[in-house]
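Structural overview
What follows is each chain in one-letter form.
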Amino acid sequence: MRPNRFYNVIRVGPVEVGTYNNGRGKTKHTAACTAPGCGFSTEHRDRSAAELAARTHRCNA
Ligand SMILES: [Zn+2]
């Protein structure tokens with residue numbers, strides 16, 4: 001699932017936040033939970049928004 005150009009990855013609890021280039025000149029920011037069975041994954045235009053989503057994620061897995 002992780003694009004090759006994923007970089008600047010941080011971990012907030014079970015959630016990883018990373019930045020990548022979508023190959024069309026656009027930088028995207030994702031927050032994705034690594035807990036098995038959770039499936040939480042969001043995409044943001046702003047890094048701060050992705051980090052906020054990671055911090056506010058309440059994992060049910
Ligand atoms: Zn989760």
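Residues numbered from 1 in each chain as written. Predicted model: local features only at pLDDT ≥ 70, side-chain atom pairs only at ≥ 80, totals over all residues.

Moving on: helix α1 (residues 47-56). Of the positions making up α1, those classed as buried are Ala50, Ala53 and Ala54. Axial view of α1: buried residues confined to an arc of 100 degrees, hence all on one face. Exposed residues pointing more than 90 degrees away from the buried face of α1 are listed as Ser48, Arg55 and Thr56. Close packing links the buried residues of α1 with β1 (7-12), β2 (15-21), β3 (27-33) and β4 (41-44). (Buried ≥ 20, exposed ≤ 12 C-beta atoms within 10 Å, placed from the backbone. Helix = DSSP H or I, 4+ residues; strand = E, 2+ residues; numbered from the N terminus. Arc of directions from axis to C-beta. Contact = placed C-beta atoms within 7 Å.)

It is worth spelling out the pairing of β2 at this point. The side chains of a regular strand alternate between the sheet's two faces. By the bridge criterion, four bridges tie β1 to β2 in an arrangement that is antiparallel. Within the sheet, the bridge partner assigned to valine 12 lies in β2 and is valine 15. If you look at the hairpin formed by β1 and β2, you'll find two residues sitting between the two strands, and glycine 13 has a positive phi there, around 60 degrees. Both β2 and β3 contribute to a ladder of seven bridges, which runs antiparallel. What sits directly across from valine 15, in β3, is cysteine 33. Linking two consecutive strands that pair antiparallel, namely β2 and β3, is a turn of five residues; a positive phi of about 90 degrees is found at glycine 23 within it. (Pairing = 2+ DSSP bridges.)

Turning to the sheet that holds β3, a few remarks are in order. Within the open sheet, the four strands sit side by side as β1-β2-β3-β4. Their pairing is antiparallel. Strands at the two margins of the open sheet, each flanked by one partner only, are β1 and β4. Adjacent strand axes in the sheet meet at a mean angle of 20 degrees, parallel and antiparallel pairs treated alike. Set on the sheet, α1 makes contact with β1, β2, β3 and β4; between it and β3 the angle comes to about 5 degrees. (Axes fitted to C-alpha atoms, helices over the stretch in contact; angles between N-to-C directions.)

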